[in-house]
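Examination of the molecular architecture
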Amino acid sequence: MSKFAQVGDFCPNKDCDDYGELQSERQHNIIKFGKTKADRQRFKCKTCNGTFVETKGTIFYRRRTPEDEIIETLALVAEGSRISSLERVKGYKDDTILAWIRAAAEHAEAIEEVLLAEYQLERGQLDGLWAYVRNKGGKKTTLKPTKVASFGDPL
Ligand SMILES: [Zn+2]
């Protein structure tokens, strides 16, 4: 499975004001910054002046579970699987799955692209997925799409 948020698409520095912000027409804090000896692209964040290389970081950066496994689980939720039954089948805690959905919702556009391309999902099913974040995310917090609070935290 291809990575959907490439390194260079966002700053991986948690202390950065633009941490996790995907690059767009209005958001362009990341610039290319030469190459490493191993010929890996190096990037620099103009906001925090941090540099990083292309091997580091995807949307689910630093989560213990492989990204494609997370995506598959999200697809199952979108298809209508109950989180409680996924807990039995997959062996993940429901809190863990909800944390993935929350992290995914921070980058909903990129995630939807992958889910629509690689799984036979419909738009309405994706809306159902995000509804977990809005309605059943445990605490009744409002989703703040611009800040990535728990993103990247070890679970
Ligand atoms: Zn930065």
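Predicted, not measured: the structure shown is a model, and the values here were computed from it. Throughout, residues of each chain are indexed from 1 in the direction in which the sequence is written. With pLDDT at 70 or above as the cut-off, local features in this predicted model cover only qualifying residues; side-chain atom pairs require 80 or more to be listed or tallied, and sums for whole chains, interfaces and linings still use all residues. Heavy atoms from the whole structure form the basis of all side-chain values; hydrogens and water molecules are not counted.

A word on the pairing of strand 2 (residues 41–45)
Filter applied, for reference: Burial classes: relative accessible area under 20% of the type maximum marks a residue as buried, over 50% as exposed, and values in between as partly exposed (1.4 Å probe, protein chains only). Secondary structure elements follow DSSP: runs of H or I of four or more residues count as helices, runs of E of two or more count as strands, with numbering from the N terminus. We treat two strands as partners when DSSP finds at least two bridges between them.
Burial of the side chains of strand 2 is restricted to one face: Gln41, Phe43 and Cys45 are buried, whereas none of Arg42 and Lys44 on the reverse face is. As defined by bridge partners, strand 1 (residues 30–35) adjoins strand 2 across four bridges and the pair is classed as antiparallel. Within strand 2, the residue paired with isoleucine 31 across the bridge is lysine 44. Alignment of strand 2 against strand 3 (residues 51–53), held across three bridges, turns out to be antiparallel. Across the sheet, the residue bridging to lysine 44 is threonine 51, located in strand 3. Linking strand 2 to strand 3, which pair antiparallel, is a turn of five residues; within it asparagine 49 sits at a positive phi near 65°.

A word on the sheet that holds strand 3
Note: strands within a sheet are paired through backbone hydrogen bonds, in either parallel or antiparallel orientation. What counts here: Every angle, taken between N-to-C directions, lies between 0 and 180 degrees, and every axis is a line fitted to C-alpha atoms, over only the stretch in contact when it is a helix.
An order of 1-2-3 is seen for the three strands of this open sheet, with the pairing classed as antiparallel. Both outer strands of the open sheet, strand 1 and strand 3, are each paired with one neighbouring strand and no more. Each strand axis lies, on average, 35° off the axis of its neighbour in the sheet, ignoring direction.

Focus on the coordination of the zinc ion
Under the convention used in this document: In this listing, donors mean N, O and S atoms no farther than 2.8 Å from the metal, or 3.2 Å for Na, K and Ca; water is missing from the atoms, so a site can look incomplete.
Those protein atoms acting as donors to the zinc ion are Cys11 (SG), Cys16 (SG), Cys45 (SG) and Cys48 (SG), and they sit at 2.2 to 2.4 Å. Here the donor residues of the zinc ion are spaced in sequence according to C-x4-C-x28-C-x2-C. Residue cysteine 16 is located in the segment before strand 1, and its partner cysteine 48 is located in the loop between strand 2 and strand 3; the two are separated by 32 residues in the primary sequence. Residue class for cysteine 16 comes out buried when judged on its relative accessible area of 4%. For cysteine 48, a relative accessible area of 25% puts it in the partly exposed group.

Brief notes about the nonpolar core
The following threshold applies: Note on terminology: a nonpolar core comprises buried Ala, Val, Leu, Ile, Met, Phe, Trp, Tyr and Cys residues joined through side-chain atoms within 4.5 Å. Any pair of residues with heavy atoms lying within 4.5 Å of one another is described as a contacting pair.
Residues Leu74, Val77, Ile97, Ile101, Leu115, Leu129 and Trp130 are the most contacted members of the largest nonpolar core, which totals 25 residues. Secondary-structure elements contributing two or more residues to this core are helix 1 (67–78), helix 2 (83–90), helix 3 (94–105), helix 4 (108–118) and helix 5 (123–135). Filtering out sequence-adjacent residues up to four positions away, isoleucine 97 remains in contact with Thr73, Val77, Ile83, Leu86, Glu87 and Tyr92. Ranked by size, the runner-up nonpolar core spans eight residues in total, among them Cys16, Ile30, Cys45 and Phe52.

Some remarks on the confidence of the model for the protein chain
Put simply, the rule is: In predicted models, pLDDT denotes the confidence assigned by the predictor to each residue on a 0 to 100 scale.
On average, the protein chain scores 77 in pLDDT, and the residues at 70 or more come to 76%. The least confident element of the protein chain is helix 4, whose mean pLDDT is 77; the most confident is helix 2, at 90. Predicted confidence is poor over residues 137–155, with pLDDT under 50, and the contacts of this stretch with residues over four places away or in other chains come to 33 contacts.

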